[in-house]
Amino acid sequence: MAVIGLSAARAWIWACVMLDNILYGVQENVIDYNDSIVHYVNALIQDAIHKSASDIHIEPDENTFRIRFRQNGLLYEISQLPHPLATRLITRLKVMAQLDISERRLPQDGRFQLHANTQHRIDIRMNTCPTLFGEKVVLRLLDMKKNSLAIDTLGLSDSQKTLFLEKISAPQGLILVTGPTGSGKTTTLYAALHHLNIPEKNISTVEDPIEIQLKGINQVNINPKIGLDFSSTLRSFLRQDPDILMIGEIRDPETAITAIQAAQTGHLVFSTVHTNNAFETLLRLQSMGISPYDLTHSVSLIIAQRLIRTLCPLCKLPEEFPSQIFYQANGCHHCLQGYQHRTAIYELLPMTEKIAKALLTGSPIENHEYQTLREAGIEKVKQGITSLSEINRVIREKQ
Ligand SMILES: [Zn+2]
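Here's a quick rundown of the structure. Everything numeric in this text was worked out from a predicted model, so none of it was measured.

1. Describing the packing of aromatic side chains
Applying the stated criterion to the full structure yields 1 aromatic pair. Measuring from ring centre to ring centre gives 5.2 Å for Phe 321 and Phe 326, while their planes differ by 50 degrees; the resulting arrangement is tilted. Looking at Phe 326, the relative accessible area reads 14%, which means it is buried. If you follow Arg 309 out to its NZ or CZ, it ends over the ring of Tyr 339, 4.0 Å from the centre. In this structure, Lys 316 is placed above the aromatic ring of Tyr 327, and the distance from its NZ or CZ to the ring centre is 4.4 Å.

2. What about the sheet that holds strand β11 (residues 244-247)?
If you walk across this open sheet you meet the 7 strands as β10-β9-β11-β12-β8-β13-β16, and the pairing is mixed. Two strands lie at the open edges of the sheet, namely β10 (218-221) and β16 (339-350), each paired on one side alone. Across the sheet, the mean angle separating the axes of adjacent strands is 20 degrees when strand polarity is ignored. Pairing of β11 with strand β12 (residues 268-273) involves 4 bridges; the strand directions are parallel. Note that in β12 the partner of Ile 247 across the bridge is Ser 271. Running at roughly 170 degrees to β12, helix α5 (residues 185-196) makes contact with β8 (173-178), β9 (203-207), β10, β11, β12, β13 (299-311) and β16 of the sheet.

3. Remarks on the coordination of the zinc ion
For the zinc ion, the full set of protein donor atoms is Cys 312 (SG), Cys 315 (SG), Cys 332 (SG) and Cys 335 (SG), at a range of 2.3 to 2.4 Å. Of note, the donors binding the zinc ion are all from one chain and are spaced C-x2-C-x16-C-x2-C. Linking Cys 312 in the loop between β13 and β14 (317-321) with Cys 332 in the loop between β15 (324-328) and β16, this pair joins segments that are 20 residues apart in sequence.

4. Brief notes about the nonpolar core
Ranked by internal contacts, the top residues of the largest apolar core, which has 43 residues, are Leu 176, Ile 250, Val 269, Leu 282, Leu 285, Leu 295 and Val 299. In terms of residue count, helix α7 (residues 253-264) provides more of this core than any other element does, 5 residues in total. Sequence-distant contacts of Val 269, defined by excluding residues within four places in its chain, comprise Gly 173, Leu 174, Ile 175, Leu 245, Ile 247, Ala 259, Ala 262 and Ala 263. Core analysis: the second largest hydrophobic core is formed by 30 residues, Tyr 40, Val 41, Ala 97 and Leu 139 among them.

5. Here's the deal with the pattern of salt bridges
Pairs can form between side chains of opposite charge once their charged atoms are near each other. According to the stated counting rule, one finds 14 salt bridges in the structure shown. Here Lys 161 makes a salt bridge to Asp 152, at a shortest N to O gap of 2.5 Å. The partner of Arg 393 in a salt bridge is Glu 390, with the nearest N and O atoms 2.9 Å apart. Pair noted here: Arg 393 and Glu 390 are both in helix α12 (residues 388-398), with a separation of 3 residues, about one helical turn. In the salt-bridge network here, residues are joined through shared partners; they are Glu 59, Arg 66, Arg 68 and Lys 136.

Conventions we followed
Residues numbered from 1 in each chain as written. Predicted model: local features only at pLDDT ≥ 70, side-chain atom pairs only at ≥ 80, totals over all residues. Heavy atoms only, no water. Phe/Tyr/Trp six-rings, centres within 6.5 Å; stacked < 30°, edge-to-face > 60°. Buried < 20%, exposed > 50% of the residue type's maximum accessible area, 1.4 Å probe, protein only. Lys NZ or Arg CZ within 6 Å of the ring centre and 35° of its normal. Pairing = 2+ DSSP bridges. Helix = DSSP H or I, 4+ residues; strand = E, 2+ residues; numbered from the N terminus. Axes fitted to C-alpha atoms, helices over the stretch in contact; angles between N-to-C directions. Contact = heavy atoms within 4.5 Å. Donors = N, O, S within 2.8 Å, 3.2 Å for Na, K, Ca; no water. Core = buried A, V, L, I, M, F, W, Y, C linked by side-chain atoms within 4.5 Å. Salt bridge = Lys/Arg side-chain N within 4 Å of Asp/Glu carboxyl O.

Here you go:
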């Protein structure tokens, strides 16, 4: 555990001065190199937090190490470091994450926490990977202050929120969240678990890896090296008098079958499936050997989602159409290319009688039975929350 005491700007300026000293040897006799690198690492992370970055990439090429932050879902270059300094930076990070500092040929995973103050904790997950020119490091920042986990902050429309609350409040059923990596699936699942987390319920999760620690919930990290996988952990949970279960991802038929059986025997089960939209999830489960009958008798809701950037209210530009005003991104010193934060758009597919009948008879499920991701995105454009080009970027890019 480490403590950040300096303000972001002050620490960053200080770190840059120290970096100059390290690079150019100014006042060499009075500098404690180890102390400098500690402060540089803290300043780097604090800068990332200040900019609401979700990830820090430290990646080598032939001549330098490039540092990039992922902000609002996209990567932006922050600086470049010479190899010797970057190597020491990585060593310091490895010490913080309790990794083997001498191992540079194999990937390693670790985590550590930073406390900006007593109320503000940042969990950081670290991964190293040996690349052609050296180790690449990615730090994923999980800012507990920003993860409010309130259902109201997810970005669901009023009707979607009513349906979501109805389905997650049922005593049994399978609720699946789908979308590509980085589409906010975990936040949706954690928000549901957080809402349901009361002492009267036994809630267990099996994850790869645990992203947010939730008090009062039994969380298990899978460990395939020793045979602790999703399906074996799930079977163990079922012998522990469970009410609510969350499986990080359904990847194989065995996990799919166990999840379906759990949902059919009085448990509320949450999981994710890696598909592009809600309807595809039904096809994916069928390709894993789940019969339409079992699907209709277990799945209660499928949620497909994407994260979209929200327009900066200070600089967005109106674009007038005959019956509607849309907005487009502009850019000012308060935002990043005209966007400030992110929210999610959702496609909610409940297992209605019509959809169950279509599944059982093998007839197509019409899109008008539910609001699609694109339609949900257009709603956000009409509300001035985002731009049409952002919806086109997100939906086209990920399809
Ligand atoms: Zn702006």
